[in-house]
Amino acid sequence: MLKQTIKNFVSRLLAAPPNGPERLARDKHGIDRRLVSRHAIKVCEVLNQHGFDAYIVGGAVRDLIVGLAPKDFDVATNATPAQIRPLFRRARIIGRRFQLVHVVFGQEVIETSTFRAPSSGNQETDEHGRILRDNEFGTHEEDAARRDFTINALYYDPIKEEVIDFHQGVADLKNRVVRMIGDPETRYREDPVRMLRALRFAAKLGARIDPPTEQPITRLAGLIEHVPASRLFDETLKLLTCGHAMDCLRQLRRSGLTQNLMPLIDRIFEEQGGEDFVEIALSRTDARVRSGKPVSPSFLFAALLWRLVHQRWQALANDGLQRTEALIQAADSVIDDQTHKLAIQRRYQSDMREIWLMQARFERATVRSIWRLLDQPRFRAAVDFLQLRAEAREVDSVLAQWWMDLANSSEDRRNQMIDTWQAGHTGARNAPAWRRRKRRPRAAEGAGQSESQA
Ligand code: ATP
Ligand code: MG
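Keep in mind that this is a model prediction, so the values were computed, not measured.

**Q** Where do I start with the pattern of salt bridges in this structure?
**A** Where charged atoms of side chains with opposite charge meet at close range, the side chains can pair. For the structure shown, the criterion picks out 32 salt bridges. For the salt bridge of Asp337 with Arg312, the shortest nitrogen-to-oxygen distance reads 3.0 Å. Separated by 25 residues along the polypeptide, Asp337 in helix α17 (residues 323-339) and Arg312 in helix α16 (residues 297-318) bring together distant segments of the chain. Judged by its relative accessible area of 17%, Arg312 is buried. Among the charged side chains, a network of salt bridges with common partners joins Glu271, Arg307, Arg323, Glu363, Arg389 and Glu394.

In structure tokens, the structure reads:
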């Protein structure tokens, strides 16, 4: 306990900037103010007008400096939530432990939080050093010190167009280095998710991880197991949807973190063709992310785990189990095995199962089952999945294309396609009228397309 307290103290000393922060003018940071959310600027202006300090902070500043489009804009200020809220027409206080304010402008929400103090050594932690409560307001300098990496501790004043940098974050960003603020081991123990974040920012920025920041990861990888499931899931998902998923996955494997997150991935990579399948799936995900399209978590995890499902499916079927039943058992066993480590949320699990189970039905369709498949809510995603399998040469690409065409067709065209299909399969020239169907067009159809693919 005493050892940890001393280590925390040293960590804070290390984190403290010797000569106060650097203030960088426009020509030193290069942020183009026109790319900054006008709503975030507005929040800073209003707070300034009321005598408070306010800055855009975190990922947005980092991304703007390197020329990436920020996902969202956060503001940090010395005003308390109770002082912030009345200054805006639509603002609400959220969070119980550490309150912050959501200032709402139409679709955009500017998350506005009060400067927070870092770990003091007096905080409540679990037996591994993980902070359980972290809810004290602090000074600007303290707020910078409690952030994870130097590149994430930059503050942009949109009125003076100045970046305030307590930890040489701009230099690290320009040199593409991910460096922990303070003592890396202590900071990973406080919050093991930072290990995943280090890998993600390195992949996203094409950066290297500073050796002292990288070195403890392999040794501490096991701490991931004590992180609450929902946070772990969120950070893993962010990692896989950062636009460089395959790099991240390789790095996860190198640092031993897959053992604690998705040990099945290691098994899949070791198997013939396993890595190729994952690579195809993830490069599609990356392409979607980079063109600003949404990615569905269930499709992504379905693809990551598929090769194992496929392998178990084939094995069970070879043992004489009926094919659909074999696939159901394979799917359940893979999901069960995965859940021991990273628990995938139930709603995603059920979508993954549906996507997988439809794969057997694509291969052995009848006229009736085709129409039933078309009614399935995850049909579109399952057809996209079939494309992926065709790309990996696991199924015939003509079959995959037929289903894709069917998914994209009008009702009349579907009737025609199914008639032709049936003629080819049974020798019958015309499908009996009772097998045809007139359906009301469904509003949801097509809309599913945008979110089904990964
Ligand atoms: P992204 O582009 O993925 O949103 P981000 O850096 O904005 O990246 P967030 O999770 O949105 O990441 O967090 C916002 C900021 O809060 C970070 O830039 C960092 O300063 C701080 N932060 C987030 N998570 C942690 C953490 N686990 N430990 C310390 N600081 C953190
Ligand atoms: Mg962010």
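**Q** So what exactly am I meant to see when it comes to the site of ligand 1 here?
**A** Taken together, 16 residues are adjacent to ligand 1, and Arg62, Asn152, Asp191, Arg194 and Arg200 come closest. Protein contacts shield 85% of the accessible area of ligand 1, which totals 590 Å² for the unbound molecule. Of the residues forming the shell around ligand 1, the biggest block, 5 residues, is contributed by helix α9 (residues 193-205). Here the residues of the shell around ligand 1 are counted per class, giving 1 nonpolar, 3 polar and 12 charged.

**Q** Help me understand helix α4 (residues 59-66), please; the structure alone is not making it clear to me.
**A** Because each turn of an α-helix spans 3.6 residues, side chains separated by three or four positions end up pointing in the same direction. Counting buried positions along α4 yields 7 of 8 residues, so the element is predominantly enclosed. Looking only at α4, the buried set comprises Ala60, Val61, Arg62, Asp63, Leu64, Ile65 and Val66. Looking at the buried side of α4, the elements it contacts are α2 (26-29), β2 (54-57), β7 (154-157), β8 (162-165), α7 (169-174) and α9.

**Q** I keep staring at the sheet that holds β7 and nothing clicks. Help me out?
**A** By way of backbone hydrogen bonds, the strands of a sheet pair with one another, either parallel or antiparallel. Ordered by their spatial adjacency, 8 strands build an open sheet running β1-β8-β7-β2-β3-β6-β5-β4, and the pairing between neighbours is mixed. For this open sheet the edge positions go to β1 (22-24) and β4 (91-94), each flanked by a neighbour on one side alone. On average, each strand axis in the sheet is inclined to that of its neighbour by 30°, with strand direction left out of account. Note that β2 and β7 share 2 bridges and pair antiparallel. Across the sheet, Ile56 pairs through a bridge with Tyr156, a residue of β7. Packing of α4 onto the sheet brings it into contact with β2, β7 and β8, and relative to β2 it is tilted by some 65°.

**Q** Would you explain the pairing of strand β3 (residues 74-77) in this entry?
**A** For a regular strand, side-chain orientation follows a simple rule: the groups alternate between the two sheet faces. Relative to β3, β2 is paired through 4 bridges, and the arrangement is antiparallel. In the sheet register, Ala54 faces β3, and the bridge partner there is Thr77. Where β3 meets strand β6 (residues 108-114), 4 bridges bridge the pair, whose relative direction is parallel. Bridging from a neighbouring strand, Thr77 pairs with Thr114 of β6.

**Q** Sorry if this is basic, but what is going on with the nonpolar core here?
**A** Nonpolar side chains in soluble globular proteins tend to end up buried together. If you look at the biggest cluster of nonpolar residues, it comprises 104 residues, and the most contacted ones within it are Ile56, Phe301 and Trp356. Two domains each provide a minimum of three residues to this core, namely domain 1 (2-176) and domain 2 (268-444). Beyond its immediate chain neighbours, meaning those up to four positions away, Trp356 contacts Phe301, Ala302, Leu305, Trp306, Val309, Leu327, Ala331, Val334, Ile335 and Phe385. One finds Ala365, Phe379, Val383 and Trp421 within the second-largest nonpolar core, a separate group that totals 23 residues.

**Q** Explanation requested: the packing of aromatic side chains in the structure shown.
**A** The geometry of an aromatic ring pair is captured by two quantities: the separation of the ring centres and the angle between the planes. In this structure the tally under the stated criterion is 16 aromatic pairs. Arranged with centres 6.1 Å apart and planes meeting at 80°, the rings of Tyr155 and Phe166 form a pair that is edge-to-face. Of this pair, Tyr155 sits in strand β7 while Phe166 sits in the loop between β8 and α7, and the two are 11 residues apart along the sequence. We classify Tyr155 as buried; its relative accessible area is 0%.

**Q** Explain the environment of Glu136 here, please?
**A** Among the secondary structure elements, Glu136 is positioned in the loop between β6 and α6 (140-145). Measuring from C-alpha to C-alpha, the distance between Glu136 and Ala117 comes to 5.5 Å, with 19 residues separating the pair along the chain. Not counting the four nearest positions on each side in its chain, Glu136 is found in contact with Phe98, Phe115, Arg116 and Ala117.

Rules and cut-offs
- Residues numbered from 1 in each chain as written.
- Chains lettered and ligands numbered in written order.
- Predicted model: local features only at pLDDT ≥ 70, side-chain atom pairs only at ≥ 80, totals over all residues.
- Heavy atoms only, no water.
- Salt bridge = Lys/Arg side-chain N within 4 Å of Asp/Glu carboxyl O.
- Helix = DSSP H or I, 4+ residues; strand = E, 2+ residues; numbered from the N terminus.
- Buried < 20%, exposed > 50% of the residue type's maximum accessible area, 1.4 Å probe, protein only.
- Near = heavy atom within 4 Å.
- Areas by Shrake-Rupley, 256 points an atom, 1.4 Å probe, with all protein chains shown as cover.
- Nonpolar A, V, L, I, M, F, W, Y, C, P; charged D, E, K, R; others polar.
- Contact = heavy atoms within 4.5 Å.
- Pairing = 2+ DSSP bridges.
- Axes fitted to C-alpha atoms, helices over the stretch in contact; angles between N-to-C directions.
- Core = buried A, V, L, I, M, F, W, Y, C linked by side-chain atoms within 4.5 Å.
- Domains from an automatic or database assignment.
- Phe/Tyr/Trp six-rings, centres within 6.5 Å; stacked < 30°, edge-to-face > 60°.

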